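This is what each chain is made of:
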Amino acid sequence: MLTVDDVLEQVGEFGWFQKQTFLILCLLSAAFAPIYVGIVFLAFTPDHRCRSPGVAELSRRCGWSLAEELNYTVPGPGPESQCLRYEVDWNQSTLGCLDPLASLATNGSPLPLGPCEQGWVYDTPGSSIVTEFNLVCDDSWKVDLFQSCVNLGFFLGSLGVGYIADRFGRKVCLLATTLTCASLGVLTAVAPDYTSLLIFRLLQGLVSKGSWTAGYTLITEFVGLGYRRTVAILYQMAFTVGLVLLSGLAYILPHWRWLQLAVSLPIFLLLFRFWFVPESPRWLLSQKRNTEAIKIMDHIAQKNGKLPPADLKMLSLEEDVTEKLSPSFIDLFRTPNLRKYTFILMYLWFTSSVVYQGLIMHVGATGGNLYLDFLYSALVEFPAGFIILVTIDRFGRRYPLATSNLAAGLACFLMIFIPHEDKLREAETFSALLTAELLGQRRHSKYIEELPGRCYWNLGMMVCSSLCDLGGVLTPFLVFRLMEVWQGSPLILFAALGLVAGGMTLLLPETKGVTLPETIEDAENLQRKAKPKENKIYLQVQTSELNTQAAERDASQGTAQQK
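In this numbering scheme, every chain counts its residues from 1 along its sequence in written order. In view of the model being predicted, local features appear only for residues whose pLDDT reaches at least 70, and side-chain atom pairs are presented and counted only at 80 or more, with totals across whole chains, interfaces and linings using the full set of residues. Side-chain numbers come from the whole structure's heavy atoms, not from hydrogens or water.

## Structural notes on the environment of F222
Item 1. Per the convention used, a helix needs a DSSP run of H or I reaching at least four residues, while a strand needs a run of E reaching at least two, with both numbered from the N terminus. Mapped onto the secondary structure, F222 falls in helix α11 (residues 194-222).
Item 2. Owing to a relative accessible area of 1%, F222 belongs among the buried residues under this scheme.
Item 3. Separated by 217 residues in sequence, F222 and D5 place their C-alpha atoms 9.3 Å apart. Only protein chains enter the area calculation, which uses a 1.4 Å probe; residues under 20% of their type maximum are buried, those over 50% are exposed, and those in between are partly exposed.

What follows is the structure, given as structure tokens:
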């Protein structure tokens, strides 16, 4: 029986065809970055104050500077200055230019304050959905809802898009979701009001993660087994390239509608390249379309400059144990150990989403230079990816993952005590924190592949990915509402989540060098089997060494007797 992996070993597991396809699909991964964390630039909240035409006229007549205007007409520093105004008729002629409110205060009593009834003035040269739709003060929660909608779309769309990919093919799913995602991105840029903006954002979330996942599935199914893990990690690192490009585009285009168009229109160009990416031969074989799969494998051989195997027509799909077992959601909780692993992994994925997205939102809301702070946070993702590539098979899963989570939690805790004015120390700590969090994020995705076993990988990934999306739904509300209490409040939450995640990781078994489970019974006994296996290997080595030493000793004694 000739399988796809057998053919790829002969025609090239990562030849010219795979490299070309990989680079094309990496563009899709980069294009996903503005959708995932674009809220930092699309919905930034600048300093603001109540709009008052009377104040503007008085300021013009008196020749005030901006500082004088704020000092005379805006309530004291803090939230009051942004969401409240003096209830004064600024058009009355009795107001002078020198401390105009002094004559209105009687017996030293404070002047009455009221809400901003005529909108706000924003101190920014650009624009965001906040400045255009006045999403401040009592309506500030609508910014949280804007980001939560895209994560809710991720959650709802994962099942539907997965069905499309399995039913109609990876390429059809890729083209359909990419076209829909680009169209909705353009519609978001021209949305006339907040309600339509939310609808377009939700719909874009429904298809955008599916588009990214379709590209991920395609490229991992085109390469050989020896390159699959490397390609998967590099595909995720292309997302980081998108983050870097996003910071540059946002700096050049400070107006949110132009920025949204700039990140959406290029996706249409990707469709022309995706059209020439062939369908996955593995999927074609699963659909009994062997002739088409053989043609594609022959095409891959030609592109790689290799001759296809003589028995290529015997190509067939490797029998999959998952089809016989038909795993269900309940299976992940059926036995004590497997139930424990599932709950821990669900918590790790949920925590990873909350801490990663929360950190980016927090630095966007508190940073001095929004563009540079975001760029630095993106750049630290590159060393995290390379560290994973080098260490994932050398140091195991459990202790590096626990260390990453504990380091992230500790760094969050330390950031609370760093003065906000100490930008250098704050940037260094944040870089270390984000690197540790990303190391943990990439490692726990490997755990979900190994712990439940190969037969439950898709099911476990779907469950944990859903918890990741739900974490994204809650994160904006957690971060922005906690910041209203105190700017450091989200860091306390992140520290607690990270430290608990580090401790819980130590309850997982090590999977490095252990035969992966195929059934529920294998997964249940994984922790008990791991240690005896190591002992057995050690005893075998020791026994063989003793036998060798004994044989050498006997031989030397025999030689001495002969002499």
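Following the structure, the description resumes.
## Structural notes on a nonpolar patch on the surface
Item 1. To count toward a patch, a residue needs a relative accessible area above 30% and no salt bridge. Like charges then connect within 9 Å, nonpolar side chains (Val, Leu, Ile, Met, Phe, Trp, Tyr) within 5 Å. Areas reported as accessible are Shrake-Rupley estimates using a 1.4 Å probe. Residue values count occlusion only from the protein chains shown. The salt bridge definition used is simple: a Lys or Arg side-chain nitrogen within 4 Å of an Asp or Glu carboxyl oxygen. A cluster of nonpolar residues, L406, L410, F413, L414, F417 and L499, forms a patch on the protein surface that exposes about 570 Å² of accessible area.
Item 2. Considering every element that reaches the nonpolar patch, the biggest residue donor is helix α20 (residues 398-415), with four residues.

## Some details on the confidence of the model for the protein
Item 1. The quantity called pLDDT is the predictor's confidence in a given residue, expressed from 0 to 100. On average, the protein scores 78 in pLDDT, and the residues at 70 or more come to 77%.
Item 2. Per-element confidence in the protein ranges from a low mean pLDDT of 46 for helix α16 (residues 321-325) to a high of 93 for helix α8 (residues 129-133).
Item 3. Residue contacts follow a heavy-atom distance rule, with two residues in contact if any of their heavy atoms lie within 4.5 Å. In the model, residues 529-546 has pLDDT below 50 throughout and makes five contacts with residues more than four positions away in sequence or in other chains.
Item 4. Per-residue pLDDT stays below 50 along residues 559-563; that stretch engages in zero contacts with residues further than four places along the chain or on separate chains.

## Observations concerning the pattern of salt bridges
Item 1. Taken as a whole and assessed by the stated rule, the structure comprises 11 salt bridges.
Item 2. For the salt bridge of R49 with D123, the shortest nitrogen-to-oxygen distance reads 3.0 Å. Here R49 is found in strand β1 (residues 48-50), whereas its partner D123 is found in the loop between β4 (120-122) and α8, with 74 residues between them in sequence.
Item 3. Take R49: its relative accessible area is 12%, and that puts it in the buried class.
Item 4. We note a salt bridge from D139 to K142, for which the minimum N-O separation is 4.0 Å.
Item 5. Residues joined by salt bridges that share partners form a network here, namely D5, R228 and R282.

## Regarding the side chain of Q147
Item 1. Structurally, Q147 is set in helix α9 (residues 141-168).
Item 2. You can call Q147 buried: its relative accessible area is 0%.
Item 3. In this structure the side chain of Q147 is engaged in a polar contact, spanning 2.9 Å, whose partner is the backbone oxygen of Y36.
Item 4. Beyond its immediate sequence surroundings of up to four residues, Q147 is in contact with Y36, I39, R201, Q357, M361 and P476. In the analysis that follows, any N or O atom pair within 3.5 Å is treated as a polar contact, provided that within protein one partner can donate a hydrogen and the other can accept it, and provided that, for residues neighboring in sequence, both atoms belong to side chains.

## A closer look at the packing of aromatic side chains
Item 1. Any two rings among Phe, Tyr and Trp, with Trp reduced to its six-membered ring, count as a pair given centres within 6.5 Å; such a pair is stacked if its planes are under 30 degrees apart, edge-to-face if over 60, and tilted if neither. Across all of its chains, the model carries 17 aromatic pairs by this definition.
Item 2. Ring geometry for W212 versus Y216: centroids 5.7 Å apart, planes at 15°, classification stacked. Placement of the pair is W212 and Y216 together in helix α11, with a separation of four residues, close to one helical turn.
Item 3. Classification of W212 by relative accessible area gives buried; the value is 18%.
Item 4. The structure contains a cluster of three or more aromatic residues connected by ring pairs, namely F32, Y36, F154, W212, Y216, Y235, F239 and Y356.
Item 5. Directly above the ring of F168 sits R167, whose terminal nitrogen or CZ lies 5.1 Å from the centroid.
Item 6. Cation over ring: K171 sits above W275, and NZ or CZ is 5.4 Å from the ring centre. Geometrically, a charge over a ring is one whose NZ (Lys) or CZ (Arg) sits within 6 Å of the ring centre while staying within 35 degrees of the ring normal.

## Here we look at unusual backbone geometry
Item 1. Unlike most non-glycine residues, N134 shows phi in positive territory, near 55°.
Item 2. Non-glycine residue K288 carries a positive phi angle of around 65°.
Item 3. Looking at the secondary structure, you find K288 in the loop between α14 (281-286) and α15 (290-303).

## Notes on helix α5 (residues 53-62)
Item 1. Restricting attention to buried positions, one finds in α5 the residues G54, V55, L58, S59 and C62. Along α5, the residues classed as buried sweep out an arc of 135° about the axis, all on the same side. Set apart from the buried face of α5 by more than 90 degrees, the exposed residues are R60 and R61.
Item 2. G63 sits one or two positions beyond α5 and adopts a positive phi of about 70°. Of all possible arcs, the one meant is that of the directions from the helix axis to the C-beta atoms.

## A few points about the state of the cysteines
Item 1. Throughout, a disulfide means two cysteine sulfur atoms within 2.5 Å of one another. Scanning the entire structure with this criterion turns up two disulfides.
Item 2. Put simply, C50 and C116 are joined by a disulfide, and their sulfur atoms are 1.6 Å apart. In this structure, the disulfide formed by C50 and C116 twists by about -50° around the S-S bond and is classed as left-handed. With C50 in strand β1 and C116 in the loop between β3 (113-115) and β4, the pair connects residues that are 66 residues apart, well separated along the chain.

## Quick look at the packing of α20 against helix α23 (residues 489-505)
Item 1. The axes are straight lines fitted to the C-alpha atoms, using for helices just the contacting stretch, and the angles between their N-to-C directions are given from 0 to 180°. At their nearest, the axes of α20 and α23 sit 7 Å apart, and the two run at 160° to each other. The angle between α20 and α23 places the two elements in the roughly antiparallel class. In the crossing of α20 with α23, the sense of the turn from one axis to the other is left-handed. Across the interface between the two elements, R398, L401, A402, N405, L406, G409, L410, C412, F413 and M415 of α20 pack against L491, F494, A495, G498, L499, A501, G502, G503 and T505 of α23.
Item 2. The classification used treats Ala, Val, Leu, Ile, Met, Phe, Trp, Tyr, Cys and Pro as nonpolar, Asp, Glu, Lys and Arg as charged, and all other residues, Gly among them, as polar. Split by residue class, the contact of α20 with α23 holds 12 nonpolar, six polar and one charged. Any angle between 65 and 115 degrees counts as roughly perpendicular, while under 35 counts as roughly parallel, over 145 as roughly antiparallel, and the rest as oblique. Each crossing gets its handedness from the near helix: less than a right angle anticlockwise from the far helix is left-handed, clockwise is right-handed.

## Details of the packing of helix α18 (residues 370-379) against helix α19 (residues 381-391)
Item 1. In the contact formed by α18 and α19, the axes pass within 4 Å of each other and the chain directions differ by 5°. Classified by the angle between their axes, α18 and α19 sit roughly parallel to one another. Residues S377, A378 and L379 of α18 form the contact with α19, whose participating residues are E381, F382 and P383.
Item 2. Across the contact of α18 with α19, the residue classes tally to four nonpolar, one polar and one charged.

## Quick look at the side chain of T188
Item 1. Within the fold, T188 resides in helix α10 (residues 170-189).
Item 2. For T188, a relative accessible area of 1% puts it in the buried group.
Item 3. Among the polar contacts made by the side chain of T188, one reaches the main-chain carbonyl oxygen of L184 at a distance of 2.8 Å.
Item 4. Sequence-distant contacts of T188, that is, excluding residues within four places in its chain, are made with L197, F200, R201, Q204, W256, R257 and Q260.

## Focus on the environment of D298
Item 1. Here D298 is to be found in helix α15.
Item 2. Classification of D298 by relative accessible area gives partly exposed; the value is 25%.
Item 3. Separated by 287 residues in the primary sequence, D298 and V11 have C-alpha atoms spaced 8.9 Å apart.

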